[in-house]
Amino acid sequence: MVGLKEELLKSIWHAFTALDLDRSGKVLSHNLCTVLNVPHDPVALEEHFRDDDEGPVSNQGYMPYLNKFILEKVQGNFDKVEFNRMCWTLCAKKNLSKSPLLISDEDAFKVWVIFNFLSEDKYPLIIVPEEIEYLLKKITEAMGAGWQQEQFEHYKIALNTSREGLSAWELIDLIGSGQFSKGMDRQTVSMAINEVFNELILDVLKQGYMLKKGHKRKNWMERWFVLKPNIISYYVSEDLKDKKGDIILDGNCCVEALPDKDGKKCLFLIKCLDKTFEISASDKKKKQEWIQAIQSTVNLLRAGSPPPHKEARQKRKELRQKLLAEQEELERQMKELQAANENKQKELETVRKQLEAAAARAAEEEKKRLQTQVELQDRFSLELEREKMVRQKMEEQVAQKSSELEQYLQRVRELEEMYKQLQEALEDEKQARQDEETVRKLQARLLEEETAKRAELEKWHLQQQQTIQMTEAEKQELENQRMMKEQALQVAMQQLKQLELERKEALEQYEEVKKKLETAANNTKSWKDKVAHHEGLIRLIEPGSKNPHLITNWGPAAFTEAELEERQRSWKGKKATSE
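Residues numbered from 1 in each chain as written. Predicted model: local features only at pLDDT ≥ 70, side-chain atom pairs only at ≥ 80, totals over all residues. Heavy atoms only, no water.

Looking at an unreviewed UniProt entry, the chain carries the name Switch-associated protein 70, with the source organism given as Bombycilla garrulus.

**Student:** When you look at empty space enclosed by the protein in this model, what are you seeing that I'm missing?
**Tutor:** Vacant regions in the atomic arrangement are exposed by a probe of water-molecule size rolled over the atoms. Counted by the stated rule, this structure contains two cavities of 30 Å³ or more. A volume near 210 Å³ is recorded for the largest cavity. Taken together, 16 residues line the largest cavity, and the ones lying closest to its centre are E7, K80, N84, V113 and I201. Sorting the residues of the lining of the largest cavity by element identifies α1 (2-18), α5 (80-95) and α6 (105-118) as the ones contributing at least two each. (1 Å grid on protein atoms, 1.4 Å probe; cavity = no way out; pocket = protein on both sides within 12 Å on 5 of 7 lines; lining within 4 Å. Points joined across faces, edges and corners; volume = space filled by probe spheres on them. Helix = DSSP H or I, 4+ residues; strand = E, 2+ residues; numbered from the N terminus.)

**Student:** Explain the environment of F69 to me, please; I cannot follow it from the model alone.
**Tutor:** The residue F69 is located in helix α4 (residues 59-69) in this model. Sequence-wise, F69 and P39 are 30 residues apart; in three dimensions their C-alpha atoms are separated by 9.6 Å.

**Student:** It is not clear to me how the packing of aromatic side chains should be interpreted in this structure. Could you clarify?
**Tutor:** Working definition: an aromatic ring pair is given by the centre-to-centre distance plus the angle between the planes. Per the stated rule, a full pass over the model turns up 15 aromatic pairs. With a centroid separation of 5.6 Å and an interplanar angle of 45°, the aromatic rings of W147 and F152 are classed as tilted. Assessed through its relative accessible area of 24%, W147 is described here as partly exposed. Judged by centre distance (6.4 Å) and plane angle (70°), the rings of F225 and W290 are edge-to-face. Of this pair, F225 sits in strand β2 (residues 220-228) while W290 sits in helix α11 (residues 284-303), and the two are 65 residues apart along the sequence. No difference in accessibility class separates F225 from W290, as the two residues are buried. Among the aromatic residues, those joined into a cluster by ring pairs are W88, F109, W112, W169 and F197. The residue whose ring lies beneath R85 is F109, and the NZ or CZ to ring-centre distance is 4.3 Å. (Phe/Tyr/Trp six-rings, centres within 6.5 Å; stacked < 30°, edge-to-face > 60°. Buried < 20%, exposed > 50% of the residue type's maximum accessible area, 1.4 Å probe, protein only. Lys NZ or Arg CZ within 6 Å of the ring centre and 35° of its normal.)

**Student:** It is not clear to me how the side chain of E133 should be interpreted in this structure. Could you clarify?
**Tutor:** Turning to its location among the elements, E133 is positioned in helix α7 (residues 129-143). We classify E133 as buried; its relative accessible area is 14%. With sequence-adjacent residues up to four places away left out, E133 is seen in contact with W147, Q149 and F152. (Contact = heavy atoms within 4.5 Å.)

**Student:** Would you take a moment to explain the pattern of salt bridges for this structure?
**Tutor:** Proximity of charged atoms lets side chains of opposite charge pair with each other. A full pass over the atoms with the stated rule returns 31 salt bridges. Among the salt bridges present, the one from K206 reaches E289, with a minimum N-O distance of 3.2 Å. Residue K206 is located in strand β1 (residues 206-213), and its partner E289 is located in helix α11; the two are separated by 83 residues in the primary sequence. In this structure, the salt-bridge partner of E429 is R433, at a minimum N-O distance of 2.9 Å. Of this pair, E429 and R433 both sit in helix α12 (residues 308-534), separated by four residues, roughly a single helical turn. According to the relative accessible area criterion, E429 is partly exposed, its value standing at 39%. (Salt bridge = Lys/Arg side-chain N within 4 Å of Asp/Glu carboxyl O.)

**Student:** In this structure, what is going on with α7? I would like to understand it.
**Tutor:** One full turn of an α-helix is made of 3.6 residues, so residues set three or four places apart face in the same direction. Under the 1.5 Å per step criterion, the end-to-end length of α7 is 21 Å for 15 residues, consistent within 8% with the ideal 21 Å. With eleven of 15 residues buried, α7 lies mostly within the body of the structure. For α7, every residue scored as buried is listed here: P129, E131, I132, E133, Y134, L135, L136, K138, I139, T140 and M143. Of the residues one or two after α7, G144 is the one with positive phi, at around 80°. (Expected span 1.5 Å × (residues − 1).)

**Student:** Mind showing me how you'd approach the pairing of strand β6 (residues 267-271) here?
**Tutor:** For a regular strand, the rule is simple: side chains alternate between the two faces of the sheet. When you tally the buried positions in β6, you get four out of five residues, the bulk of the element. Taken together, the five bridges between strand β5 (residues 254-258) and β6 define a ladder with antiparallel strand orientation. Within β6, the residue paired with A257 across the bridge is F268. One ladder, built from five bridges, connects β6 with strand β7 (residues 276-280); its direction is antiparallel. Residue pairing in the sheet places L269 in a bridge with E278 of β7. What sits between the antiparallel neighbours β6 and β7 is a turn of four residues. (Pairing = 2+ DSSP bridges.)

Written out as structure tokens, the structure is:
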């Protein structure tokens, strides 16, 4: 309530300073009670505003009355825009510049409300350069233009040389002059001011069109959604005239992305304790922006933190207060240093005077010392001459001794050099002996290795000779076997040829016998036909062989058993001979 009271006081202060309270104090109080929804008693109001000097209508008496009878009764259930518009109406006509501006009266009103939000908590109200830069940056970003930092720095330097900040009306003139919105039309500037007004004053964190699924008919309708720190309101259109409902946000709410379904894309879900809302954004980017904005709002509610722009304003104020305190501390330290410096200057002046007196005394003493020095110089000059002669003799003796010493040292150096050379020769000889011993050992080792290699080679040579001899014997044996096999092969070939001839002769005999049998069969058939023709009932009994029927490679019954046995014995005898 303290922060709300301070915000209200800023707007009331403009109206309060613009009115002649002796005539309009009752009007202001009545209007304040009306727009702030504060119950008031008309009779008591008239009593408070009596036409006497002791009443609260004086400048000294109105503010205590305002705090006690109006502001302390405010509950927060009022329209802030309507309250600010009432105060604006009372003060704008008197203070607003008559020169033409690039912004409308409505835009000027919004700038005035933003000024009250960003101004310092001291009266008369001003907005400091840091907050001016913050506001101009927000408007420039909303217009989609680039921020001219260098231009503002020049303006800031010019402003700091004359005063601490701007009043509300000077801020309106600055924005209305178009100094920081060159190249932008009135509509773009107006839309940018409205966007900043919605964010900073109406606490609108995000707004835009989306589709919402109904809870009863389950149909999808397009709604204009407005996100604030603890609520999401949705309207038929962006003029905010026909409100359709609210989504109350608290720390228990959550927002989740949903997959596309039922032909709807870019879906997400807002879960509250009592209801769940399905919403469809126009594209994936808008969907992600809304999810992040709602989640950030819920996180702030869980943490109990104020909206981002209010928290940022508080941090900027705390930073300025910290810098101001540091500056005051620095000024205090500078004053202490200056006072300490003045004390040091006084001490230095005292020391300087003391030094001057000491210098005068030192000059007198120096004069006396010089006189004494002249006397001592004359006395010591004679002694100096005597000492000079003595020193010359001593120098001659020292020179002679030095020459002898130099000769002695030269001899010592020569002896040392000879000693070093002798040492080096001994070291070389010792090293040569060591090298000779190493070479001798190496030669002995190489000789042993050569002897072992030679013995091993002789052994390998004997093994090779034995292997060659064994190979020759095996080769001779294999050659004999090959000759025997070739002979056996030739014998077998001859037998094969003989058998081929015998087969051909047997085949010729078979053909002759076959022809004879065919002739005999024909004759027999002819005879049988004749007998059957004459007698009809006679059945000839043909003679047959009692022996088993033999079949050989030369055909059926080519040999008798005796001939076949004779041939088998002949083959076995030839085979044994070949082996």
